Structures are given as structure tokens and as C-alpha cells.
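# Reading the structure
For reference, the chains in residue letters:
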Amino acid sequence: AKEQGRGRYAFFDPQINARNQRIMKIKAGLGQALVRDEISVVYQPRVTPDTAVVVGYEALLRWHSGELGAVSPAEFIPVAESTDALDQITDWLLRQVVRDLSSEVLSGKQISINLSPRQFQTGNWAEMLRTTIEQHHLLPEQFCIEVTESALVEDFNATAHQLEEMQALGVEVAIDDFGTGYSSLEYLKRLPIDYLKIDRSFVRDIETDADDRVIVETIIVLAHSLGLQVVAEGVETRAQADFLQARGCDELQGYLFSAPRPLSELGLQQVKM
Ligand code: C2E
Ligand code: CA
Ligand code: CA
Ligand code: CA
């Protein structure tokens with residue numbers, strides 16, 4: 001009855017109607033986005049806190065739709081997840097990253113790739129990575145796979161199995177948006193994880209919110225005591241970077257150092273101190 005009530009409400013509410021229409025346009029557009037060459041990848045550096053040396057880059061998708069203009073991944077990824085478009089786009093992303101790895105600026109750097117929770121049920125990404133790495137004679141350590149805690153909540157076994165295969169290969173694994181999910185800490189001990197990424201929402205108010213400072217400190221201590229490294233995302237100010245460095249955070253990522261940029265715009269000048 002609840003479902004029905006919601007459906008009827010949606011039908012008559014003009015705002016929800018507009019929202020549904022946009023989702024339908026995104027769905028239709030995504031199916032064509034790759035062949036129309038509308039999808040691209042940008043890279044954001046992960047740096048060491050003390051000297052801001054770039055240790056790796058996170059690959060992030062961009063979609064410039066002919067019809068809708070620029071659509072944020074925060075909006076199109078959830079829609080793509082519900083179709084088979086996301087697997088195709090991720091496939092493309094992986095191939096693009098492999099091409100880009102032969103550039104001077106990315107050579108020897110680790111590239112982090114995001115996989116959505118549902119993708120662990122639809123594809124064997126460990127196998128995909130293995131064949132890609134073999135075919136192109138790459139080092140497995142050049143890849144880090146970022147998954148959110150919700151992947152483990154949705155399907156612990158499928159996700160855990162693929163993460164174990166990835167680690168056996170030598171690919172690194174990061175838990176993304178750490179602290180925002182509802183999963184048990186038990187999995188930290190049971191899974192092959194290399195990194196925790198502290199979610200931006202905890203980093204944002206470090207300077208003003210004592211609770212956030214305690215949360216961040218605690219995540220760093222927890223990670224280190226389990227032998228994991230910690231990356232803080234969304235670092236925008238020097239004060240945030242100083243706090244994170246003082247607490248022993250291993251890597252920083254954020255606008256303070258660089259926004260995500262296309263390969264052609266990655267250069268030596270990009271990281272400011
Ligand atoms: P995420 O994995 O948590 O990625 C970090 C997001 O924070 C990126 O947003 C990045 O541009 C943004 N960001 C980086 N530094 C700062 C900062 O200092 N301040 C602020 N305010 N934001 C910062 P973006 O690129 O819009 O991506 C949003 C989300 O979309 C990602 O969140 C990720 O969940 C998803 N996404 C992006 N690319 C992919 C992909 O290839 N596959 C999958 N499955 N998801 C992706
Ligand atoms: Ca990520
Ligand atoms: Ca490492
Ligand atoms: Ca995040």
C-alpha cells in the first residue's frame with residue numbers, strides 16, 4: 001500500500017515528475033554516451049602530507065552530454081548502476097587508464113579506480129584486471145580499487161571474494177568514504193584492505209568541529225593499528241592538511257593540492273604547497 005501511495009504521489013507532484021524525466025534522459029543519454037565520445041576521465045593526485053609528492057592519482061569519470069550538458073558522476077553513476085551502462089563505461093575507463101599509463105606524467109604512479117557496490121554482482125573485476133595487467137605487462141601495484149562499505153553490506157561474499165582475488169594479484173584495495181556506512185568494523189579484520197579513505201564530510205569541519213577532529217584521529221589510529229594506510233579526501237585548506245599531517249595521515253587528496261584534471265593538464269606545476 002505504501003508503494004502505491006508513493007507512486008501516485010509521484011505522478012501528481014510536478015517536482016518529482018521533473019526529477020523522473022531527468023533520470024529518464026540520463027538513462028537514455030548514457031546508452032549513447034560512449035559512442036558519442038561524451039565520456040572522459042580526469043585524474044586527481046594523492047600526495048604525501050609533508051612534501052606533497054604525488055604518489056598516485058584517482059581516476060574520476062566525466063560526462064559531457066550533448067543534450068544535458070555536464071552531468072556530475074554523483075548524479076549519473078547511481079542511474080548508470082541500474083542499467084548495464086556502468087559496466088561498459090568502467091570497461092572503457094580501464095582501457096583509457098591503461099593508455100594513459102604510458103604517458104610520462106602517469107608512469108610509475110598508482111591509479112585508483114572506483115567500483116560501485118552493485119558491480120561486484122554483475123562482473124568479475126578481479127579477472128578483468130588480471131587479463132588487462134597481463135596483456136599490457138603492467139605492475140598490479142599500479143592499480144588500487146576503491147569500494148565503499150556499502151558494497152560489503154549489499155553482498156559481502158561476492159565483494160570479499162573479488163577483493164581477495166585482487167589482493168592475490170597484487171592490486172591494492174581501498175575502502176572509500178570510510179565512516180559513512182553502516183557496516184561492522186569486523187570486516188576490516190577479515191578483508192584484504194590496504195587503505196582507508198576518510199570521507200570528505202569528516203575533513204570539511206576539522207577546524208571548527210571537535211567531534212570531527214576526534215573521529216578523524218580515531219580512524220587514523222584504528223587504521224594504523226590494523227596495519228592499514230589512511231588517505232584523507234576533500235582537503236581544501238592548509239589548516240586541514242596540517243592537522244592531518246600532525247595526526248600521521250599517510251596521504252592527502254583535495255583541491256588544496258589539485259582539482260581532478262584531464263591527462264593533458266597534469267603537469268609538474270599542479271601541486272601547490
Ligand atoms: P568519490 O569517490 O568520493 O570521489 C571524490 C569526489 O570528491 C570527486 O567528485 C572529487 O572531484 C571530489 N573532490 C576532490 N577533492 C575535493 C575537495 O577538496 N573538495 C570537494 N568539495 N570535493 C573534492 P566527483 O568527481 O564529482 O565524483 C563524485 C563521485 O562519483 C565519486 O565520489 C564516486 O563515488 C563517483 N565516481 C566518479 N567516477 C567514478 C567511476 O569511474 N566509477 C564509479 N563507480 N564511481 C565514480
Ligand atoms: Ca573514490
Ligand atoms: Ca602502497
Ligand atoms: Ca567520498
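Residues numbered from 1 in each chain as written. Chains lettered and ligands numbered in written order. Predicted model: local features only at pLDDT ≥ 70, side-chain atom pairs only at ≥ 80, totals over all residues. Heavy atoms only, no water.

Identification of the protein as PAS domain S-box-containing protein/diguanylate cyclase (GGDEF)-like protein from Marinobacterium halophilum is taken from an unreviewed UniProt entry.

## As for the packing of aromatic side chains
As a reminder, the rule being used: Ring geometry is summarised as follows: Phe, Tyr and Trp rings, the Trp one being its six-membered ring, pair when their centres sit within 6.5 Å, and such pairs are stacked at plane angles under 30 degrees, edge-to-face over 60 and tilted between the two. Secondary structure is summarised from DSSP: a helix means a run of H or I of at least four residues, a strand means a run of E of at least two, and numbering begins at the N terminus for each. Burial classification: accessible surface area is computed with a 1.4 Å probe over protein chains only, and a residue below 20% of its type maximum counts as buried, one above 50% as exposed, and the rest as partly exposed. The criterion for a charge sitting over a ring is simple: Lys NZ or Arg CZ within 6 Å of the ring centre, and within 35 degrees of the ring normal.
Enumeration over the complete set of coordinates arrives at 2 aromatic pairs. Ring centres of Trp63 and Phe76 lie 5.6 Å apart, and the angle between their planes is 85°; on these two criteria the pair is classed as edge-to-face. Of this pair, Trp63 sits in strand β2 (residues 54-65) while Phe76 sits in helix α3 (residues 73-81), placing them 13 residues apart in sequence. Across the pair, Phe76 and Trp63 agree in class, each one buried. Above the face of the Tyr195 ring, Arg46 is positioned so that its terminal group lies 5.2 Å from the ring centre.

## Quick notes on helix α6 (residues 125-135)
To keep things clear, this is the line we draw: What the arc describes is the spread of directions from the helix axis to the C-beta atoms. Here, two residues are considered to be in contact whenever any of their heavy atoms come within 4.5 Å of each other. Polar contacts, as counted here, are pairs of nitrogen or oxygen atoms within 3.5 Å of one another; within protein the pair requires one atom able to donate a hydrogen and one able to accept it, and residues that are adjacent in sequence qualify only if both atoms are side-chain atoms.
Of the positions making up α6, those classed as buried are Trp125, Ala126, Leu129, Thr132 and Ile133. Around the axis of α6, the buried residues are gathered within 130° of arc, so they sit on the same side. Looking at the buried side of α6, the elements it contacts are α4 (85-100), α5 (119-122), β5 (143-148) and α8 (156-169). Sitting at the amino-terminal end of α6 is Asn124, which places a side-chain oxygen 3.3 Å from the backbone nitrogen of Ala126. Two residues or fewer after α6 comes His137, characterised by a positive phi angle close to 50°.

## Comments concerning the coordination of the calcium ion (ligand 4)
Under the convention used in this document: Each metal's donors are the N, O and S atoms found within 2.8 Å of it, except that Na, K and Ca use a 3.2 Å limit; water is left out, so coordination can look incomplete.
Every protein donor of the calcium ion (ligand 4) is accounted for by Asp177 (OD), Asp199 (OD), Glu233 (OE) and Glu233 (OE), and the metal-donor separations fall at 2.0 to 3.2 Å. Look at where the donors of the calcium ion (ligand 4) fall in the sequence and you get D-x21-D-x33-E. In this structure, the calcium ion (ligand 4) is positioned 5.7 Å from the calcium ion (ligand 2). With Asp199 in the loop between β7 (195-198) and α10 (200-203) and Glu233 in the loop between β8 (229-232) and α12 (238-246), this residue pair connects regions lying 34 residues apart in the sequence.

## Quick notes on the site of ligand 1
This is how it is decided: Summary of the distance rule: residues count as near a molecule or strand when at least one heavy atom falls within 4 Å of that molecule or strand. Calculation of accessible area relied on Shrake-Rupley with a 1.4 Å probe; when residues are assessed, cover is drawn exclusively from the protein chains displayed. When residues are grouped by polarity, Ala, Val, Leu, Ile, Met, Phe, Trp, Tyr, Cys and Pro land in nonpolar, Asp, Glu, Lys and Arg in charged, and all others, Gly among them, in polar.
Residues in close proximity to ligand 1 total 23 residues, the closest being Gln44, Arg62, Arg200, Glu236 and Tyr255. Take Ser116: an N or O atom from its side chain is 2.9 Å from a nitrogen atom of ligand 1. A distance of 2.8 Å is found between an oxygen atom of ligand 1 and a backbone nitrogen or oxygen belonging to Tyr255. Relative to its unbound accessible surface of 800 Å², ligand 1 loses 85% to contact with the protein. Among the elements that make up the shell around ligand 1, the one with the highest residue count is β2 (4 residues). Within the shell around ligand 1, the residues separate by chemical class into 10 nonpolar, 6 polar and 7 charged.

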